[in-house]
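Below are the chains, spelled out letter by letter.
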Amino acid sequence: MVPLLLVLLLVLVLFGAGFAVKVLWWVALAVLVLWLLGFVIRSTSAGGGRGRWYRW
């Protein structure tokens with residue numbers, strides 16, 4: 001009975017980790033899209049040049 005419970009626990013942990021990794025991939029993809037859009041739609045500065053859209 002104990003080995004069966006250990007296997008089920010292992011499957012549950014691996015499934016949870018896989019789901020979390022998949023969610024993190026979608027979050028990383030969304031951040032990448034926003035980052036690339038920031039280069040496309042940058043605002044112009046007072047001097048007429050292209051300013052940075054981020055503060056750092």
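How each quantity is defined
- Residue positions are given per chain, counted from 1 along the sequence in the order it is written.
- It should be noted that, the model being predicted, local features are given only for residues of pLDDT at least 70 and side-chain atom pairs only at 80 or more, the latter also being counted only at that level, while totals for whole chains, interfaces and linings use all residues.
- Values reported for side chains reflect all heavy atoms of the structure, with hydrogen atoms and water molecules removed beforehand.
- Secondary structure elements are defined from DSSP: runs of H or I of at least 4 residues count as helices, runs of E of at least 2 residues count as strands, and each element is numbered from the N terminus.
- Throughout this description, buried means an accessible area under 20% of the type-specific maximum (1.4 Å probe, protein chains only), exposed means over 50%, and partly exposed covers the range between.
- The accessible surface values rely on the Shrake-Rupley method and a 1.4 Å probe; as for residues, cover is taken only from the protein chains in view.
- A residue counts toward a patch only above 30% relative accessible area and without a salt bridge, and it is joined to like-charged neighbours within 9 Å or, for Val, Leu, Ile, Met, Phe, Trp and Tyr, to nonpolar neighbours within 5 Å.
- What counts as a salt bridge is simple: a side-chain nitrogen of Lys or Arg found within 4 Å of a carboxyl oxygen of Asp or Glu.

Time to look at the overall build of the protein. Per the secondary structure count, the protein includes 1 helix and 0 strands. Residues classed as buried in the protein amount to 4% of the 56 residues present. With an accessible surface of roughly 5,400 Å², the protein has 80% of that area assigned to carbon and sulfur atoms.

On to a nonpolar patch on the surface, then. On the surface, a nonpolar cluster with roughly 1,100 Å² of combined accessible area is contributed by Trp-26, Leu-29, Leu-32, Val-33, Leu-34, Trp-35, Leu-36, Leu-37, Phe-39, Val-40 and Ile-41. Here Ile-41 lies in the segment after helix H1 (2-40).

Don't take any of this as a statement about function, it's just geometry.
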